[in-house]
Structures are given as C-alpha cells and as structure tokens.
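A look at the structure
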Amino acid sequence: MFDGIVAVYRSTSDVFFYVTGNYEENELILLTVLSSLYESISLILRGQIDRRTLLENLDYIILIIDELIDGGIVLETEPQILVNRVLLKGSDGETPTDQTISQVLQNAREQLSQLIKN
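Predicted model only: the values in this text are computed from it and were never measured.

In this structure the tally under the stated criterion is four salt bridges. Notably, a salt bridge pairs Glu39 with Arg10, separated by 3.9 Å at the nearest N-O pair. Of the two residues, Glu39 is situated in helix H1 (residues 27-44) and Arg10 in strand S1 (residues 5-11); the sequence distance between them amounts to 29 residues. Residue Glu39 is classed as partly exposed on the basis of its relative accessible area of 35%. The exposure class assigned to Arg10 is partly exposed, which follows from its relative accessible area of 32%. With its nearest N and O atoms 3.2 Å apart, the salt bridge here joins Glu56 to Arg52.

Turning next to helix H4 (residues 79-86). Of all the residues in H4, the buried ones are Pro79, Leu82, Val83, Asn84 and Val86. Contacts made by the buried residues of H4 are with H1 and helix H3 (58-68). Directly beyond the C-terminal end of H4, a positive phi value near 60° is found at Leu88.

This part covers the nonpolar core. In this structure, Phe17, Ile41 and Leu54 are the most contacted members of the largest nonpolar core, which totals 21 residues. Among the secondary structure elements, those contributing two or more residues to this core are S1, strand S2 (16-22), H1, H3 and H4. If you tally residues by element for this core, the top one is H1, at seven residues. Other than its neighbours up to four places away in sequence, Leu54 contacts Val15, Phe17, Ile41, Leu45, Ile49 and Ile61.

Rules of the game
Residues numbered from 1 in each chain as written. Predicted model: local features only at pLDDT ≥ 70, side-chain atom pairs only at ≥ 80, totals over all residues. Heavy atoms only, no water. Salt bridge = Lys/Arg side-chain N within 4 Å of Asp/Glu carboxyl O. Helix = DSSP H or I, 4+ residues; strand = E, 2+ residues; numbered from the N terminus. Buried < 20%, exposed > 50% of the residue type's maximum accessible area, 1.4 Å probe, protein only. Contact = heavy atoms within 4.5 Å. Core = buried A, V, L, I, M, F, W, Y, C linked by side-chain atoms within 4.5 Å.

Here it is in structure tokens:
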C-alpha cells in the first residue's frame, strides 16, 4: 500500500502488469482481475507476451480491459469468455460467419417465437 492505494502486479520478460485500487479494496479481488487480464492476454497472443507483441495488439488489450472492467466494476473474470467476446465468438467458440444460413434462420425463428410468447 502506498498513499492509500493498493497495487498488485505480475511481470514477464520485459512487461509489468499492475492493477490498483483504493486502500479499502480487497486484494484478492484485485489479484483475480490481474490473473484474468494476464490469462486473457496470454490466450489472445498465444503465450507470446512481450513489449513488442503487446504494442502490435494494443487494440485487443484495450478490448479485454473493457470487457473485464467497466467503471470500476468487475464484469467478467473468466479468461476464455473474455477472449471469445473480444474475438466476437459465441460461448461455443463459433463466430457468426461459421453458421450456415439455415442455422441463422432457425435462431431467428426461435428468438421471434420467444418474443411472441412473452
């Protein structure tokens, strides 16, 4: 703790990851956020975490942070779910373009029937 701020960090070869919070924040939650961030980045970059690769893929890193936290509230901590959201994949890892036209129409029918029933 320094000046009322709690910080947890993790380092790799030439990169340091920090998550900070107010002195009242729970360190375990901050550590969970840090671990989720690191694991998600590792999945996106296929384990190659260095300064150059991070800078080349900064758009993905920012999207991971955006999906992880919003306004100081932790939204999701499961790395695979975060990666799927960033890569615009479903929970089963299927992209919208991987679906056939008949599957898309079937999904639309199901959603429309759900709306009509409610």
